[in-house]
Amino acid sequence: MQELKTPCYIIDEKKLKENLTILRDLEQKSGCHVLLAQKAFSMYRLYPLMGEYLSGTTASGLYEARLGKEEMGKENHVFAPAYKKDDMKELVEICDHIIFNSFSQYETHRDMIQAHNTALNEKQKKVSIGIRVNPECSTQGEHAIYDPCASGSRLGVTKANFPDTLPADIEGLHFHTLCEQDSDDLIKTFHVFEEKFGSYLKSEQIKWLNLGGGHHITRKGYHLKELEDLISYIKETYQVEVYLEPGEAVALNAGYLLTEVMDIVKNDLDILILDASAACHMPDVLEMPYRPPLKDAYPAGEKKYTYRLSSLTCLAGDVIGDYSFEKEIHIGDRLLFEDMAIYSMVKNNTFNGIPLPAIVLRKEDGTTETIKEFSYEDFKGRLS
Ligand SMILES: Cc1ncc(COP(=O)(O)O)c(C=O)c1O
C-alpha cells in the first residue's frame, strides 16, 4: 500500500467474492433472482466476475442500463421516476423489465413497448412492464432522505392512487423502501404491502415481484433464514418470481479509500488535512451523515491522540469525523478508510478541481492492479 498513489479506492476481490457467494447461495436456496443495483457499485471491470454469481443488473436510467447490458449482459432491469422518449427507444432494446413510477409514465411509454414486443418473434424475450408501489410503511426511523415511504415521497404509487383493475400488460410490481436493514423490516413491509396490494398479486396477470434494495444481506448477523422463508412464502402463495436488487450488500466492506496526511493544523484540536475529501470522494458521509470506519482508529478521546480528519477543499464542513489513535500521526502518514466501495466512486466529483481517486483492484492473491488513474483531462473534460 505504501507504493500506491493516493488518494485511491482499493477494491478487495476476495471480500467481494465472499459477498457474492452469500448472494448466490440465497438465489440457489430460495429460487429468487438477485440483481446488482449499479447505483451503489459500477466497477464494470468486475461485472464478468459478478455475473458468475448474480442474475444480472438493475439500472436507474439509460446509462446504467447500457453499462449493465454491455459489461454483464445478463438480466437487465431499469427503474426511473420518469423516462425521456428518446431514452425509452434504447431501453426497450436492452432491458428485460422496465418499471414505471406512475401510471402516467406507463401511459406515455406503453405504445413504444407494445410496438417493440409485437415485432419480436416467439423465441425472443419480450420487455416486461412493472409498476413501483409505495406501501407507505416507513421502517427507517429518522432517515427521511433515504426513506421512499416518508411523507410526500414521489417514489411509487400509493394505494389511494392505484386503479381497481391493472392495465393488462402490467406484469410486475416493485417496491423499494429499505436502507441498510435486516429481514425483519422487509417482512414487516411485505405484510403491509400484501394487505394493500395482495389482491393484484393474486391475479394471474402478475408474474413477478421486485423487493428492491436496502437488504444488508452480507452483513454479519443478518437474518438470512427469515429472508429465505419470506421468499418461499411469496413464491408459493402467489406463484410469482421474486427479485431482489441490493447495491450495498454486493460490495459491503469490499473496498477502501487510501489517503495521505498532507498537513496538520491546530485550532483547539489537531486537524489533519488529507488528500481525500468527504465532499468529493465519500459524499454519503455528509449526506447520511455517517462516520466511516478507519483502520487502527478509535472514537475521539478513547486513545491518546485525537484528530479531526478533514480535507483539501474550501468547504468548511468537509470534515470526515474525529478519531483517536494509539500513535501520534505525522505528515506523510497514510490512513485507510474502510467500506468505501459502495456509493463512493459512483458519486464522486471534482469540486475545487480535486483529483478523482485512482481505482485499484486488490486481487485474491494479495497483489494490486491499478485499473484506472484520473488526470487534469478528466476534470477539464466535464466543463467547457
Ligand atoms: C429502486 C432501488 N433499488 C435498489 C437500490 C439499492 O439499494 P441498496 O444499495 O441500499 O441495497 C436502491 C437504492 O437507492 C433503489 O432506489
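Just so you know, these numbers come straight off a predicted model, no measurement behind them.

## Notes on the overall build of the protein chain
Okay, so step 1: For the protein chain, the count of helices and strands is 11 helices and 17 strands.
Okay, so step 2: Taking 2.2 N^0.38 as the reference for a compact globule, 384 residues should give roughly 21 Å; the C-alpha atoms of the protein chain span a radius of gyration of 22 Å, in line with that estimate.
Okay, so step 3: Over its C-alpha atoms, taken along the principal directions, the protein chain stretches across nearly 65 × 40 × 40 Å.
Okay, so step 4: Within the span of the protein chain, comprising 384 residues, buried residues form 39% of the whole.
Okay, so step 5: Long-range pairs, those at least 24 residues apart, make up 69% of the contacts in the protein chain with a sequence separation of at least 6.

## Quick look at the pairing of strand β15 (residues 334–338)
Okay, so step 1: Every second residue of β15 is oriented toward a common face, the buried set being L335 and F337 and the non-buried set R334, L336 and E338.
Okay, so step 2: Bridge analysis of strand β10 (residues 255–267) against β15 gives five bridges, and the strand direction is antiparallel. Note that in β15 the partner of T259 across the bridge is L335.

## Some points on the site of the ligand
Okay, so step 1: A37, H176, G213, G247 and E248 are the nearest of the 14 residues found near the ligand.
Okay, so step 2: Of the residues in the shell around the ligand, the class split is six nonpolar, five polar and three charged.

## Quick look at the pairing of strand β6 (residues 128–132)
Okay, so step 1: The buried count for β6 comes to five of five residues, which makes it a mostly enclosed element.
Okay, so step 2: The pairing of strand β5 (residues 97–100) with β6 spans four bridges and is parallel. Across the sheet, the residue bridging to H97 is S128, located in β6.
Okay, so step 3: A crossover links β5 with its parallel partner β6, the connecting element being helix α5 (residues 103–118), and its sense is right-handed.
Okay, so step 4: Sheet topology places β6 next to strand β7 (residues 170–174); four bridges connect them, and they run parallel. Looking across to β7, one finds that I129 is bridged to I170.

## Quick notes on the domain arrangement of the protein chain
Okay, so step 1: Looking at the protein chain, the domain boundaries give domain 1 (31–251) and domain 2 (255–340 + 348–380).
Okay, so step 2: Taken residue by residue, the interface counts four residues in domain 1 and four residues in domain 2.
Okay, so step 3: Across the side of domain 1 that touches domain 2, the residue classes break down as three nonpolar, no polar and one charged.

## Looking at the sheet that holds strand β3 (residues 56–59)
Okay, so step 1: Reading around the circumference, β2-β3-β4-β5-β6-β7-β8-β9 is the order of the eight strands in this closed barrel, with parallel pairing throughout. Between one strand and the next, the sheet's axes are offset by a mean angle of 25°, whatever the strand orientation.
Okay, so step 2: Across four bridges, the pairing between β3 and strand β4 (residues 75–79) is parallel. Of the residues in β4, the one forming a bridge with T58 is H77.

## Points about the packing of helix α6 (residues 183–202) against helix α7 (residues 224–238)
Okay, so step 1: One way to put it is that α6 packs onto α7 with a least axis distance of 11 Å and a crossing angle of 5°. The pairing of α6 with α7 is recorded here as roughly parallel in orientation. Counting all contacts with α6, which are made through S183, D184, L186, I187, F190, L201 and K202, the residues of α7 involved are E226, L227, L230 and Y238.

## Some remarks on helix α3 (residues 62–71)
Okay, so step 1: Every buried residue belonging to α3 is among L62, E64, A65, G68 and K69, and all of these are buried. Summarising the axial view, the buried residues of α3 lie within an arc of 165°, below the 170-degree limit, and thus occupy one face. Looking at α3, the residues exposed on the side facing more than 90 degrees away from the buried face are Y63 and E70.
Okay, so step 2: Summarising the contacts, the buried residues of α3 are in contact with β3, β4 and α4 (85–94).

## Topic: the nonpolar core
Okay, so step 1: Grouped together as the largest cluster of nonpolar side chains are 90 residues, with contacts concentrated most on V78 and A251.
Okay, so step 2: The element best represented in this core is α6, accounting for five residues.
Okay, so step 3: Inspection of this core shows a minimum of three residues originating in each of domain 1 (31–251) and domain 2 (255–340 + 348–380).
Okay, so step 4: If we ignore the near neighbours within four places in the chain, the residues touching A251 are L16, N19, A40, F41, A341 and I342.

## Description of unusual backbone geometry
Okay, so step 1: Residues T6 and P7 are joined by a peptide bond in cis, for which omega reads -5°.
Okay, so step 2: Relative to the helices and strands, P7 resides in the segment before β1 (8–12).
Okay, so step 3: Non-glycine residue E136 carries a positive phi angle of around 55°.
Okay, so step 4: One non-glycine residue, N352, adopts positive backbone phi at about 70°.
Okay, so step 5: Note on placement: N352 falls in the loop between β15 and β16 (358–362).
Okay, so step 6: Look at N352 and you get partly exposed, because 15 C-beta atoms sit within 10 Å.

## Notes on α5
In an α-helix, one turn spans 3.6 residues, which is why side chains three or four residues apart end up on the same side.
Okay, so step 1: In this model α5 runs 21 Å from its N-terminal to its C-terminal C-alpha over 16 residues, within 8% of the 22 Å that 1.5 Å per residue would give.
Okay, so step 2: Along its length, α5 reaches its greatest deviation from straightness, about 45°, at H109.

## As for the environment of G317
Okay, so step 1: Relative to the elements of secondary structure, G317 occurs in the loop between β13 (305–311) and β14 (319–325).
Okay, so step 2: In this structure the C-alpha to C-alpha distance between G317 and L49, which are 268 residues apart in sequence, comes to 38 Å.

## Points about the packing of α4 against α5
Okay, so step 1: Packing of α4 against α5 brings their axes to within 10 Å, and their N-to-C directions diverge by 35°. Between α4 and α5 lies a crossing whose hand is right-handed. On α5, the residues that touch M88, K89 and V92 of α4 are H109, M112, I113 and H116.

Analysis parameters
Residues numbered from 1 in each chain as written. Predicted model: local features only at pLDDT ≥ 70, side-chain atom pairs only at ≥ 80, totals over all residues. Helix = DSSP H or I, 4+ residues; strand = E, 2+ residues; numbered from the N terminus. Rg over C-alpha atoms; globule rule 2.2 N^0.38 Å. Buried ≥ 20, exposed ≤ 12 C-beta atoms within 10 Å, placed from the backbone. Contact = placed C-beta atoms within 7 Å. Pairing = 2+ DSSP bridges. Near = placed C-beta within 6 Å. Nonpolar A, V, L, I, M, F, W, Y, C, P; charged D, E, K, R; others polar. Right-handed = clockwise from strand over helix to strand, strands pointing away. Domains from an automatic or database assignment. Axes fitted to C-alpha atoms, helices over the stretch in contact; angles between N-to-C directions. Parallel < 35°, antiparallel > 145°, perpendicular 65-115°, else oblique. Arc of directions from axis to C-beta. Core = buried A, V, L, I, M, F, W, Y, C linked by C-beta atoms within 7 Å. Expected span 1.5 Å × (residues − 1). Bend = angle between axes of the 7 residues up to and from the residue. Left-handed = near helix turned anticlockwise from the far one by under 90°.

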